[in-house]
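Analysis of the macromolecular model
Listed below, chain by chain, are the residues.
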Amino acid sequence: MMNRGIVTEPGQAPKVAVPPNGTKHSPNLAKWLNANRRAGGRPSVYRNIDGLRHIGWLEDDGWFSGARLWRVLGDGRRVKVFAFPPAHGPWFKEADFWDRYEAIGRCAIDEAHTRHFIGDDTRWREDGDTRECLWCGAHRQERHRWQQIIEREGWRPVALAALANPHPKGDGV
Ligand SMILES: [Zn+2]
């Protein structure tokens, strides 16, 4: 199942097929994977001590080569691989990440379903005031409406005549 859409080239890690916009899988992540291939195969997804997801390779000496996963989703192949020193660790591997990503796409990255993606219009099926996620099929939301009271402050013009003659009735100047 994990090899679907992957073309093997001799001497290199497999090339990943780029999905079209609007599918549950990220075209930008596929482009980044193709631009950052290593003979060892696909990189892994880790969380660091801050809880932020990174994609890359944990080296034997404790350095991590990779990038923030959210940046990769947004900017694709333009996102450079950085070397993070061991002080950025420890790194916790999400061993089931690729299985979950294969099954439910970007919902494996946006579990809370609060982010907007390219192709988001194919993600939701609306029915009145509820909508369900078609990518994972396991998340439903309902519409909320509310009013906000906003306090503002600013400046308004005052008629100049009133300033020049504060006592228009002329009482004893
Ligand atoms: Zn979902």
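Residues numbered from 1 in each chain as written. Predicted model: local features only at pLDDT ≥ 70, side-chain atom pairs only at ≥ 80, totals over all residues.

**Section: the confidence of the model for the protein**
Mean pLDDT over the protein: 87, with 86% of residues reaching 70 or higher. The low-confidence segment residues 1-8, where pLDDT is below 50, has 13 contacts with residues more than four positions distant or belonging to other chains. (pLDDT = per-residue confidence, 0-100. Contact = placed C-beta atoms within 7 Å.)

**Observations concerning the sheet that holds strand β10 (residues 140-142)**
If you trace the three strands from one edge of the open sheet to the other, you get β8-β9-β10, paired in antiparallel fashion. Sheet topology places β8 (124-127) and β10 at the edges, where each strand pairs with a single neighbour. When the angles between neighbouring strand axes are averaged without regard to direction, this sheet yields 20°. Of the pairings in the sheet, the one linking strand β9 (residues 130-133) to β10 comprises three bridges and is antiparallel in character. Paired with Thr130 across the bridge in β10 is Glu142. (Pairing = 2+ DSSP bridges. Helix = DSSP H or I, 4+ residues; strand = E, 2+ residues; numbered from the N terminus. Axes fitted to C-alpha atoms, helices over the stretch in contact; angles between N-to-C directions.)

**Considering the nonpolar core**
Grouped together as the largest cluster of nonpolar side chains are 19 residues, with contacts concentrated most on Leu29, Trp32, Ile55, Leu69, Val72 and Leu73. For this core, the elements supplying multiple residues, two or more each, are α1 (27-35), β3 (44-47), β4 (53-58), β5 (64-68) and α2 (69-75). (Core = buried A, V, L, I, M, F, W, Y, C linked by C-beta atoms within 7 Å. Buried ≥ 20, exposed ≤ 12 C-beta atoms within 10 Å, placed from the backbone.)

**Brief notes about α1**
All of the buried residues along α1 are Asn28, Leu29, Trp32 and Leu33. Take α1 and look down its axis: the buried residues cluster within an arc of 140°, on one side only. Considering only its buried residues, α1 is in contact with β2 (15-16) and α2. (Arc of directions from axis to C-beta.)

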